[in-house]
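Chain by chain, the residues:
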Amino acid sequence: MPDDNNPIPHWQRQDLPPMLSRRFEFETYGETRRFLDGVAKLAEAAHHYPNLSFGKTYVSVTLDADGKKIGPDLVALAQQIDSLVAGAA
């Protein structure tokens, strides 16, 4: 049953080790590149640097909680990353 109160419904949560992950798909390389640039700006502002793997039209993002619980700061970063594609989704 989906959790309607989940603030980041498209992200996969893992507790050991604590992390969030999501794959984003794009139509063109240009969209992929703009998304990567946006994630870089958000990461700099948050001082939290995700693990990224990407190809021409996809990006996989993993937010590592550095061995701590997944807290509100990590959830907020996931929401900000989601907002980069909210208009395009």
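Remember, predicted model here, so these are calculated numbers, not experimental data. (Residues numbered from 1 in each chain as written. Predicted model: local features only at pLDDT ≥ 70, side-chain atom pairs only at ≥ 80, totals over all residues. Heavy atoms only, no water.)

Novice: So what about the packing of aromatic side chains? Which residues, and what values?
Specialist: By convention here, two paired aromatic rings are described through the distance between centres and the angle between planes. If you walk through the whole model with that rule in mind, you get 3 aromatic pairs. Ring plane angle 75° and centroid distance 6.0 Å describe the contact between W11 and F24, whose orientation is recorded as edge-to-face. In this pair, W11 is assigned in the segment before β1 (12-15) and F24 in strand β2 (residues 18-25), connecting sequence segments 13 residues apart. The same class applies to W11 and to F24, which are both buried. Ring centres of F26 and F35 lie 5.1 Å apart, and the angle between their planes is 45°; on these two criteria the pair is classed as tilted. This pair shows no difference in class: F26 is buried, exactly as F35 is. Each residue in the set W11, F24, F26 and F35 is aromatic and connected to the rest through ring pairs, giving one cluster. (Phe/Tyr/Trp six-rings, centres within 6.5 Å; stacked < 30°, edge-to-face > 60°. Helix = DSSP H or I, 4+ residues; strand = E, 2+ residues; numbered from the N terminus. Buried < 20%, exposed > 50% of the residue type's maximum accessible area, 1.4 Å probe, protein only.)

Novice: So, the nonpolar core: which residues are in play, and what are the values?
Specialist: Nonpolar side chains tend to gather and get buried jointly when the protein is soluble and globular. Grouped together as the largest cluster of nonpolar side chains are 20 residues, with contacts concentrated most on W11, L20, F24, F35, V61, L63 and I81. Elements with a contribution of two residues or more to this core: β2, α1 (29-46), β4 (58-64) and α2 (72-86). Considering every element that reaches this core, the biggest residue donor is α2, with 6 residues. Here L20 is in contact with I8, W11, Q12, R13, V61, T62, L63, I70, L74 and A78, once residues within four sequence places are set aside. (Core = buried A, V, L, I, M, F, W, Y, C linked by side-chain atoms within 4.5 Å. Contact = heavy atoms within 4.5 Å.)

The quantities given are spatial measurements derived from coordinates; they are silent on function.
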